[in-house]
Amino acid sequence: MLHGGNIISGTGDACVHDGVVVVEDNIIIYVGAVKGMCIEGPIAPEIIDVKSKYILPGLIDAHVHVHISPIKGLRDLNRQAIIEDSEDLLSPFGSRLLRAVRNVQNALRGGVTMLRDCGTRDNIAVVLSKSIEKNVVVGPRLVTSGPMITTTGGHCWSFGREADAEAEVRKAVREIIHGGADMIKVAGTGGRATPGSNIYAPQYSAREMKALVEDAHRLNKKVGAHVLGTEGIRIAVSSDVDILDHCGWDSEDGPDYDERVVEEMTRKGVTVCATIPQDMKLALGETPESKEQETTLRLQSKYFRFLDKMLSAGVNMIVGTDSGLGGRNFKDLALALEVLTKRTAITESEVITMATRTAAQVLGHGDAVGTIQPGKEADLIVVEGDPTRDISSLRNVCLVMKAGVVVSKGDKIVI
Ligand SMILES: [Zn+2]
């Protein structure tokens, strides 16, 4: 029983002050004020005193790559793979898997109780997800995509499943789902982290993308597409892709925001997974020290304007860090949420909902987690201050509970 805290349930209801959350096994059985509460039963409850602290649902980082270890300042995925391979002479798979364990535990310490892996090498995210489910290792819930489907030499080819034509993308979808993935991830355009790919041009024709989505949906799996260039966004939306990762509205000739496509996105219920382009500290106001950082700042400002436009048009949105890439740390979701409240019109309460209830719904776990309500699994976190007033209080998480078990306390894994 968490006793005496202020409860932000994530349901949209007002904060319950001096409240209590009662958990039996892994399920929340009561949420409400301490005053007037009466618990009957033969066993005295274990009481965790959280007086004057804030309780909220566990956070969900909707875009990471668990097998990649953040290397500060490195943005080139090919070089990253070479560095990691040179360190892993004895057992590349074993080393990568252990690094992935460390990465997801870092996320958990930061209050993240669910991660969506957006493309993995050697199916590591799937292996890790099953191991966490079976309590072999402690970690957040993982929603996996297997290897990213990409063209030969395309974005993330070094850990992707290369597939070039309609029949090949269908086969790739079937292979990946057969391999245990929860959903499909496809590189709809090139990416900045893959030299030699083209961020402005689509990697797949509408015909190929439709075939891919059709086959994934036939097997009841959602599809997320990495898309930076507008033409790739158009193809993804017309092909009924479920999640657009990044969604950059770029073209060779500069920004190319298309309101008609945005209207189609809201009509079809397509979700955008917002990620912060590159350096988060820069986005939070650090002074640029190089030409490269000034370019990053301009890129960020343009992207934040697009996010505002999409939100005011009614686009559904979730948030991811893209951790592993570009030196981003798995504990950085709190920073990403802070950036969004400072650089867009998104409020603190809205960004918390995006990273809890909305993300759980989009990832297919809305019935089990995402809010603090009786009947749901107890994934929740405790922080010192009120994050709806000062979002930076999410930077220091005092306690993390996953499925009713305290897994991290004061930034240390305790199980
Ligand atoms: Zn990514």
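Here is what the cut-offs are and how they apply
- Residues numbered from 1 in each chain as written.
- Predicted model: local features only at pLDDT ≥ 70, side-chain atom pairs only at ≥ 80, totals over all residues.
- Helix = DSSP H or I, 4+ residues; strand = E, 2+ residues; numbered from the N terminus.
- Buried ≥ 20, exposed ≤ 12 C-beta atoms within 10 Å, placed from the backbone.
- Contact = placed C-beta atoms within 7 Å.
- Pairing = 2+ DSSP bridges.
- Axes fitted to C-alpha atoms, helices over the stretch in contact; angles between N-to-C directions.
- Parallel < 35°, antiparallel > 145°, perpendicular 65-115°, else oblique.
- Left-handed = near helix turned anticlockwise from the far one by under 90°.
- Nonpolar A, V, L, I, M, F, W, Y, C, P; charged D, E, K, R; others polar.
- Domains from an automatic or database assignment.
- Expected span 1.5 Å × (residues − 1).
- Bend = angle between axes of the 7 residues up to and from the residue.
- Core = buried A, V, L, I, M, F, W, Y, C linked by C-beta atoms within 7 Å.

## Details of the overall build of the chain
Inference 1: Summing up its helical and strand segments, the chain has 11 helices and 20 strands in all.
Inference 2: Burial status across the chain gives 49% buried among its 415 residues.
Inference 3: Within the chain, contacts between residues separated by at least 24 positions form 69% of all contacts whose residues are at least 6 apart in sequence.

## A look at the sheet that holds strand β8 (residues 141–143)
Inference 1: If you walk across this open sheet you meet the 3 strands as β6-β7-β8, and the pairing is parallel. With partners counted over all chains shown, the strands left at the sheet margins are β6 (59–64) and β8, one partner each. Adjacent strand axes in the sheet meet at a mean angle of 20°, parallel and antiparallel pairs treated alike.
Inference 2: Where strand β7 (residues 112–117) and β8 come together, 3 bridges link them in parallel fashion. Following the sheet pairing, M114 is matched in β8 by R141.

## Overview of unusual backbone geometry
Residues other than glycine predominantly adopt negative phi, and peptide bonds predominantly adopt the trans conformation.
Inference 1: Within the chain, D240 stands out as a residue other than glycine whose phi angle is a positive 70°.
Inference 2: Within the secondary structure, D240 is located in the loop between α6 (230–238) and β13 (243–251).
Inference 3: Residue D240 is classed as partly exposed on the basis of its 15 C-beta neighbours within 10 Å.
Inference 4: The phi angle at D411 is positive, at roughly 70°, despite the residue not being glycine.
Inference 5: Along the chain, D411 falls in the loop between β19 (405–409) and β20 (412–413).

## A word on the environment of D13
Inference 1: Take D13: it is sitting in the loop between β1 (2–7) and β2 (16–24).
Inference 2: In this structure D13 comes out as partly exposed when scored by C-beta crowding, with 13 C-beta atoms within 10 Å.
Inference 3: Measuring from C-alpha to C-alpha, the distance between D13 and L59 comes to 18 Å, with 46 residues separating the pair along the chain.

## Focus: the packing of helix α2 (residues 92–109) against helix α3 (residues 124–133)
Inference 1: Relative to each other, α2 and α3 sit at 60°, their axes nearing to 10 Å. Judged by the inter-axis angle, α2 sits oblique to α3. Of the two possible hands of crossing, α2 and α3 adopt the one that is right-handed. Across from R96, L97, A100, V101 and V104 in α2, the residues of α3 making contact are I124, V127 and L128.
Inference 2: Taken together, the residues that form the contact of α2 with α3 break down as 7 nonpolar, no polar and 1 charged.

## A few points about the domain arrangement of the chain
Inference 1: Taken domain by domain, the chain holds domain 1 (2–57 + 370–413) and domain 2 (59–362).
Inference 2: On a C-alpha basis, the centroid separation for the pair domain 1 and domain 2 is 30 Å.
Inference 3: Listed per partner, the contact involves 22 residues of domain 1 and 23 residues of domain 2.
Inference 4: Among the secondary structure elements, those contributing two or more residues to the side of domain 1 that touches domain 2 are β5 (54–57), β18 (397–402) and β19.

## Focus: helix α11 (residues 348–362)
Inference 1: Here α11 contains 15 residues, and its C-alpha end-to-end distance of 20 Å stays within 8% of the 21 Å for a straight helix at 1.5 Å per residue.
Inference 2: Approximately 40° is the largest bend angle found in α11, and it occurs at M354.
Inference 3: Within α11, 12 of the 15 residues are buried, which leaves the element mostly enclosed by the surrounding structure.
Inference 4: Along α11, the residues that are buried comprise E348, V351, I352, T353, M354, A355, T356, R357, T358, A359, A360 and V362.
Inference 5: Buried residues in α11 make contact with β5, β6, β13, β15 (271–275), β16 (316–320) and α10 (333–343).
Inference 6: Positive backbone phi, approximately 85°, marks G364, located one or two places after α11.

## Brief notes about the nonpolar core
Taken as a class, soluble globular proteins show a tendency for nonpolar side chains to be buried jointly.
Inference 1: The biggest cluster of nonpolar side chains holds 115 residues, and the ones touching the most others in it are V21, I55, L212, L244, V319, L337 and A355.
Inference 2: No fewer than three residues from each of domain 1 (2–57 + 370–413) and domain 2 (59–362) sit in this core.
Inference 3: The contact partners of V319, leaving out residues within four places of it in the chain, are A62, A274, A336, L337, L340, V351, M354 and A355.

## What about the pairing of β18?
Inference 1: Of all 6 residues making up β18, 5 are buried, and the element is well covered by its neighbours.
Inference 2: Sheet topology note: the strand β17 (residues 380–383)/β18 ladder contains 4 bridges and is antiparallel. Each residue of the ladder has a partner; that of V382, found in β18, is L399.
Inference 3: Where β18 lies against β19, 4 bridges are found, and the strand directions are antiparallel. Bridge pairing links V400 to S408 in β19.
Inference 4: Connecting the antiparallel pair β18 and β19 is a turn made up of 2 residues, with A403 showing a positive phi of about 50°.

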